[in-house]
Amino acid sequence: FYDKSGPGETSGSTGVAACVIGGKLYIANAGDCRAVLSRKGKAIDLSIDQKPSSVGEMERIKNAGGFVEDGYVNGLLGVSRAFGDWHIEGLKGRGGKAGPVTVDPEIEKTRLTEDDEFLILACDGLWDVMTSDQAVIHVRRSLAEYNDVEKAAHDLVTLAVKTSEDNVTVVLIGFT
């Protein structure tokens, strides 16, 4: 990614991905995105928001020579895992040495069951204004009304952008 974007690139992003293989759901998360599974209407977080202030991330940042100030890595970046952001000196590792901000995702595995209804993959713009439980409740209502995952995802985004101060991206995957 760095080789393609060039040294003058000043943008960055976070990401969450899902892959189903043989009845198992794999989630890879790099940043403050989140994956939430609805199982019989109960919200199950399948990823952890990787913010600098969380205990595990704070320890990893310190071990890589960084620090957390006011919830920001080295006082500059509000996420601890991200793509890009090379313009912020000292945050990304070089030459095989890890920096305080890494792109390496955390990976979780869950066995899918007959009770699994849908999966929400979304960025922090949604999770800043809504809990996992609230999102699942809203999606279940939309699906009961429309039986259309695309419309349910759109409704969730529409609700979130009313109060979110960040971008809102949602992918909704139906299992039943």
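Refer to the structure presented above.
Each chain carries its own residue numbering, running from 1 in the direction its sequence is written. This being a predicted model, a pLDDT of at least 70 is required before a residue's local features are given, and a value of 80 or more before pairs of side-chain atoms are given or counted; all residues contribute to the totals for chains, interfaces and linings. Where side-chain values are given, they derive from all heavy atoms of the structure, hydrogens and water being excluded.

Another aspect to go through is the environment of Ala152. Runs of E in the DSSP output that reach at least two residues are strands. Runs of H or I that reach at least four are helices, and both are numbered from the N terminus. Among the secondary structure elements, Ala152 is positioned in helix α5 (residues 149-161). Distance in space between the C-alpha atoms of Ala152 and His138 is 8.3 Å, their sequence separation being 14 residues. The residues contacting Ala152, other than those within four sequence positions of it, are Val139, Ser142, Leu143 and Leu172. Contact between two residues is taken to exist if any of their heavy atoms lie within 4.5 Å; hydrogens are not considered.

Right, let's get into the packing of aromatic side chains. Here a pair means two rings of Phe, Tyr or Trp (six-membered ring of Trp) with centres within 6.5 Å. Their orientation is stacked below 30 degrees between planes, edge-to-face above 60, and tilted elsewhere. Scanning all chains against the criterion turns up zero aromatic pairs. Whether a charge sits over a ring depends on NZ of Lys or CZ of Arg being within 6 Å of the ring centre and within 35 degrees of the ring normal. Over the ring of Tyr146 we find Lys151, and its NZ or CZ is 4.4 Å from the ring centre.

Pairing between two strands is assigned when DSSP locates at least 2 bridges connecting them. The strand order across the open sheet built from four strands is β5-β4-β10-β11, with neighbouring strands paired in antiparallel fashion. The open sheet is flanked by β5 (42-45) and β11 (170-174), the only strands paired with a single partner. Going across the sheet, the axis of each strand differs from the next one's by a mean of 20°, ignoring polarity. Helix axes use the C-alpha atoms of the stretch in contact, all axes being lines fitted to C-alpha atoms, and the angles between their N-to-C directions lie in the range 0 to 180 degrees. Contacts from helix α4 (residues 132-146) reach β4 (34-39), β5, β10 (116-122) and β11, with the element oriented near 120° to β10. On the sheet, α5 packs against β10 and β11 and is oriented at approximately 145° with respect to β11.

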